[in-house]
Amino acid sequence: MNKKEFEDILCKNNIIEYFLQLPRKELAETFGENFLKTVDYGSQNNASHQYDLFEHILRTVDGVQSSNLKIKIAAFLHDIGKPYVAKINEKTGQTQFIGHAKESANLANDILIKMGYSKEEIDEINFLIQCHDDFINISKPEEITPDRISKVYTSINKKLDSYKPTLDDMKNLITLCKADAMAQSDEIIKNGQIVDTKKARVAR
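In this text the structure is predicted, and so the values were computed from the model without any measurement. (Residues numbered from 1 in each chain as written. Predicted model: local features only at pLDDT ≥ 70, side-chain atom pairs only at ≥ 80, totals over all residues. Heavy atoms only, no water.)

*Asks:* Requested: an account of the overall build of the protein chain, with residues and values cited.
*Replies:* Of regular secondary structure, the protein chain possesses 12 helices and four strands. The globule rule puts the C-alpha radius of gyration for 204 residues at 17 Å, and the 17 Å found for the protein chain is close to it. For the protein chain, the C-alpha atoms occupy an extent of roughly 45 × 35 × 30 Å along the three principal directions. Taking all 204 residues of the protein chain together, 44% fall into the buried category. A total of about 11,000 Å² of accessible surface is found on the protein chain, and carbon and sulfur atoms cover 48% of it. (Helix = DSSP H or I, 4+ residues; strand = E, 2+ residues; numbered from the N terminus. Rg over C-alpha atoms; globule rule 2.2 N^0.38 Å. Buried < 20%, exposed > 50% of the residue type's maximum accessible area, 1.4 Å probe, protein only. Areas by Shrake-Rupley, 256 points an atom, 1.4 Å probe, with all protein chains shown as cover.)

Below is the structure:
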């Protein structure tokens, strides 16, 4: 599959159904054998997620409210590294995916090269993938201050090797973050209490 074919598919109205019905062999031929680990992963065993991993990814793509195809591409690849870093938190019994964004970007690199994307395009997409969780620690509306946002931006720039995101890149990142939040659990419950909701995350 080349980049044009891939992008046309990402623009389908029925993308969730389309990919969930694709034969495993075709998925492996298109995205590589490693991609099947994402497809087969199943439940994320995490309070933030109500969907199996692959369905969450597809719902994130479907939720991107932009005509910018690079955001949709990043959405499709943003969590593919989760199976490689998944570990159970012994205290909570839930699965953590620490470092999954960087691992996802590494795996995405090979897929995008194979499809014919340029280095410049891959750098832009990988920026979105690597940084899609950077705002997740802002858990309360009162924490959305210029100082806190500035610290997040500083952290983002420090972890990137050579890519320098523009203002448009940052806006695209927020669009991806919103789509990601929309594909998560309606309510996040810990110790029997609702500690967050999808509506609140999207608003933040």
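*Asks:* Quick rundown of the pairing of strand 4 (residues 193-197)? Include the residues and the values.
*Replies:* Sheet topology note: the strand 3 (residues 187-190)/strand 4 ladder contains four bridges and is antiparallel. Note that in strand 4 the partner of I189 across the bridge is I194. Hairpin connection, strand 3 to strand 4: the antiparallel pair is bridged by two residues, and N191 has positive phi, about 55°. (Pairing = 2+ DSSP bridges.)

*Asks:* Kindly report on the confidence of the model for the protein chain, identifying the contributing residues and their values.
*Replies:* Looking at the protein chain, the pLDDT average stands at 92 and 100% of residues meet or exceed 70. Within the protein chain, strand 3 has the poorest average pLDDT of any element, 85, and helix 6 (residues 69-77) the best, 98. (pLDDT = per-residue confidence, 0-100.)

*Asks:* So what about the environment of A181? Which residues, and what values?
*Replies:* Residue position: A181 is located in helix 11 (residues 167-182). Taking relative accessible area as the criterion, A181 reaches 7% and is therefore assigned buried. When the C-alpha atoms of A181 and S139 are compared, they prove to be 12 Å apart, with 42 residues separating the residues in sequence. The contact partners of A181, leaving out residues within four places of it in the chain, are K198, R201 and V202. (Contact = heavy atoms within 4.5 Å.)

*Asks:* Help me get a handle on the nonpolar core, residues and values and all.
*Replies:* Counting residues in each nonpolar core, the largest one holds 49 residues, and the members touching the most others are F19, F31, F76, L77, F127, I156 and L173. When neighbours within four sequence positions are excluded, L77 is seen to be in contact with S104, A108, I111, L112 and I129. (Core = buried A, V, L, I, M, F, W, Y, C linked by side-chain atoms within 4.5 Å.)

*Asks:* Which residues make up the packing of aromatic side chains, and what are the values?
*Replies:* Tallied over the entire structure, the rule returns 13 aromatic pairs. Note on F35 and F54: the rings are 5.8 Å apart at their centroids and 85° apart in plane angle, and the pair reads as edge-to-face. Here the residue F35 occupies a position in helix 4 (residues 35-40), and F54 occupies one in helix 5 (residues 53-62), the gap between them amounting to 19 residues. With a relative accessible area of 3%, F35 lands in the buried category. With a relative accessible area of 5%, F54 lands in the buried category. (Phe/Tyr/Trp six-rings, centres within 6.5 Å; stacked < 30°, edge-to-face > 60°.)

*Asks:* Break down the packing of helix 9 (residues 119-130) against helix 11 for me, citing the residues and quoting the values.
*Replies:* Running from amino to carboxyl end, helix 9 crosses helix 11 at an angle of 50°, the nearest separation of the two axes being 9 Å. If you check the angle between helix 9 and helix 11, you find them oblique. Both helix 9 and helix 11 take part in a crossing whose hand is right-handed. Every residue of helix 11 that contacts helix 9 at E124, F127 and L128 is listed here: D169, M170, N172, L173 and L176. Counted by class, the contact of helix 9 with helix 11 contains five nonpolar, one polar and two charged residues. (Axes fitted to C-alpha atoms, helices over the stretch in contact; angles between N-to-C directions. Parallel < 35°, antiparallel > 145°, perpendicular 65-115°, else oblique. Left-handed = near helix turned anticlockwise from the far one by under 90°. Nonpolar A, V, L, I, M, F, W, Y, C, P; charged D, E, K, R; others polar.)

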